[in-house]
Structure formats: structure tokens, C-alpha cells
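# Secondary and tertiary structure notes
The primary structure of each chain is shown beneath.
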Amino acid sequence: MPWNRRHLLTLEELSLAEIDQIHATAAAFKKILGRSVKKVPALRGKTIVNLFLEPSTRTRISFEMAAKRLSADVIAFDAASSSTTKGETLRDTAQNIQALNADLIVLRHSASGSPLYLSRVLDIPVVNAGDGAHEHPTQGLLDTFTMREHLGSLKGRKVVILGDILFSRVARSNIHALVKLGAAVTLVGPSTLVPDWFTALGAQVSHDLKSALADAEVVMLLRIQHERQSSSHFPSLGEYTGMFGLNQTRAGWLNPKAIIMHPGPINRGVEIDSDLADGPRSVILEQVTNGIAVRMAVLYLCSGGQPEAVLGTD
Ligand code: CP
């Protein structure tokens, strides 16, 4: 099946076949990243602009590395020294970047829907690197890619997402991908952060940590996203940790082979204890490494590349 999508805006709109295509392409690029020469000429002559208007460590560097491994020229937009500080709008900023002959924009923005908006006013592809509390599609793709590496098929696998679901774009993207991949997704946390209406997305909702973690094969922790909360959703961080933080005792409720995931940034001692984040069941840094291959696949496909051209590459 040919790839014919120019933008990556959400995982909600992707089909299972498209998720499979991205994962297969990422697996091919991951093999290339294991070579002594880690670079391919797939995007030589193209210019990618990383338009990050919200803080980022992992996603920004990962997109930059992915673009460079594909031989693209990369420009990192410096929001603090840009004309956005003089009142220039997102639309004007992006249209000027397009007028400067950029071939693709990677956008991180605090406003949900901003990548969709840019995709409608620009002629070049737009890739969503996280928009408000809406979606973080490449994070959901790299998370499910990592799960598939460890578990194989996700059909019927119990995946628990624990923490601040309400304000999490990572949770939304993962739910959309996991449900399409056939996983049994349970969302856990206080009812103020895990409202029942999330069941409409195909996940189960629980406020009972012990029963939710029982026999789970994957647990993904999410931090409390203070930057998006307009009011307090629990009495104190200490009480949140006391009720929902993952510690050794609670990790003992998981399936013995379960993997522990976190998209980062981690708040150690709040949603997860350090000995678990750094322990043998943690795949947190594997997620980060896999992000490069997954983002190479996304940049390559959205730039007009076809999966067949890289599949089977050794
Ligand atoms: N996971 C993630 O999006 O991390 P950053 O905010 O550091 O990019």
C-alpha cells in the first residue's frame, strides 16, 4: 500500500495499516542506525525547520538527529530570539519559514489544534511534535514501537497508563494507537485526572491501582502536568505519590515480565521511584533511542518517501 499522507497531525486519524507502515519503516531505519555509517541520503537537499514554541529536550533533539541521519538540513527555531516576542503570529511566522523555502515544519505548540491550523494555511508538510493536551503522535508511535519490540503483537495485551491522563497528549496518542493495535488499555489515577469519559476512546478507566496493575504487561507512568492545570486536582503531591506513585511494592503487582515506561521528563519520587526508573524492567531510555528511528520514518514518509524503498534494507 503506498503512503499518501503529507502531514502527521494525530494518531486518531491514522489507520492500523498506516501505523504498521510507520513502524516497519522505523524498524528499517533502526537497522541503519546500528551501522558504523548511520546516515542515508533520503532527504538530501531538503530543509526541515523545528518550530518549537514550548520547552522540549527529547523531542526537539530527536527530530534534529532524525533529520540529520536522513541528510536533511535542519534549522532549530529559537523562540526566545525570534520575532514571536514582538507579537508575530504563528501563521505569519510559519508562512515566512515557508517563503524561506523550508520543505517541512515540525511544530510543538501549547495550543491544541495548532498543527492542523498550520496544515491548512501552508503548502508544505507539518508534523505535530506535541500540541497542548491534544496529541503527541510521534511519542505514541515510538512508545508502541518499543512495546512491540518487547511483546510482539499487542493484541489482548494489558497496558496500563497511570497518572495525569486528563492533561496528557501522550496518553491520548497512546490510547488511539493501542486501541487500533488491539491492546487492552486501562487508565488509572485519581478521578479528577482520569474522568470516566475516556472510556469513549476505547480504554477502561480505574481508580483502584492494585486491580489495575494486576497482571499488566506494560505500565506507562505520566507526570503531573502542572503547566496545563488551571486548578489543583489533588490535595498535594505527597498525597498523590502516596496513593498512585509506582514503588517496588506496587510494581510487584505487575506481570513478572512487565516493562515500565515513561515518556519523560520524569519527576523522580513523585510518579515513579528512582530504583524502578533505573531498574532492569525500565525501558525508558530505549523509548528515547527508538524515537530517532520512528521520527526518521515520519519525516521520510511525510516528505514523499515510500516504505518499499527502505524495507528490507540491511
Ligand atoms: N516526551 C517528551 O515530549 O519530552 P520533551 O518534552 O522533553 O520533548
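About the cut-offs
Residues numbered from 1 in each chain as written. Predicted model: local features only at pLDDT ≥ 70, side-chain atom pairs only at ≥ 80, totals over all residues. Heavy atoms only, no water. Pairing = 2+ DSSP bridges. Helix = DSSP H or I, 4+ residues; strand = E, 2+ residues; numbered from the N terminus. Axes fitted to C-alpha atoms, helices over the stretch in contact; angles between N-to-C directions. Contact = heavy atoms within 4.5 Å. Core = buried A, V, L, I, M, F, W, Y, C linked by side-chain atoms within 4.5 Å. Buried < 20%, exposed > 50% of the residue type's maximum accessible area, 1.4 Å probe, protein only. Phe/Tyr/Trp six-rings, centres within 6.5 Å; stacked < 30°, edge-to-face > 60°. Domains from an automatic or database assignment. Buried area = accessible area lost by both parts, 1.4 Å probe.

## Some points on the sheet that holds strand 3 (residues 104–109)
- Reading across from one edge, 2-1-3-4 is the order of the 4 strands in this open sheet, with parallel pairing throughout. The open sheet has two edge strands with one neighbour each: strand 2 (73–76) and strand 4 (126–131). Between one strand axis and the next, the sheet turns through 15 degrees on average, direction left out of account.
- The strands that helix 4 (residues 114–121) touches are strand 3 and strand 4; relative to strand 4, the one it contacts most, it runs at about 160 degrees.

## Considerations on the nonpolar core
- Core analysis: the biggest nonpolar cluster contains 88 residues, and Phe29, Val106, Ile161, Leu187, Val219 and Leu299 have the highest contact counts within it.
- When residues in this core are grouped by element, the largest group, 11 residues, is from helix 11 (residues 284–302).
- In this view, Leu187 contacts Ile161, Ile165, Ile175, Val194, Phe198, Ala203, Gln204, Val205 and Ser206; residues no more than four positions away in its chain are not counted.
- Of all hydrophobic cores here, the second largest spans 15 residues; its members include Leu9, Val49, Leu122 and Val126.

## What to know about the packing of aromatic side chains
- Taken as a whole, this structure holds 4 aromatic pairs when the rule is applied.
- Residues Tyr240 and Phe244 carry aromatic rings whose centres are separated by 5.9 Å and whose planes lie at 35 degrees to one another, so their mutual orientation is tilted. Placement of the pair is Tyr240 and Phe244 together in helix 8 (residues 237–244), with a separation of 4 residues, close to one helical turn. Residue Tyr240 shares its accessibility class with Phe244, and that shared class is buried.
- By way of ring pairs, the aromatic residues Phe234, Tyr240 and Phe244 are connected into one cluster.

## Observations concerning the domain arrangement of the chain
- According to the domain assignment, the chain consists of domain 1 (16–135 + 291–309) and domain 2 (137–287).
- Look at where the C-alpha atoms of domain 1 and domain 2 centre, and you get two points 26 Å apart.
- Taken together, the contacts link 25 residues of domain 1 with 23 residues of domain 2.
- Each partner contributes to the roughly 1900 Å² buried at the junction of domain 1 and domain 2, and carbon and sulfur atoms together form 59% of this total.
- Counting the surface domain 1 buries against domain 2, the share from its top three residues, His23, Ala133 and Glu135, is 30%.

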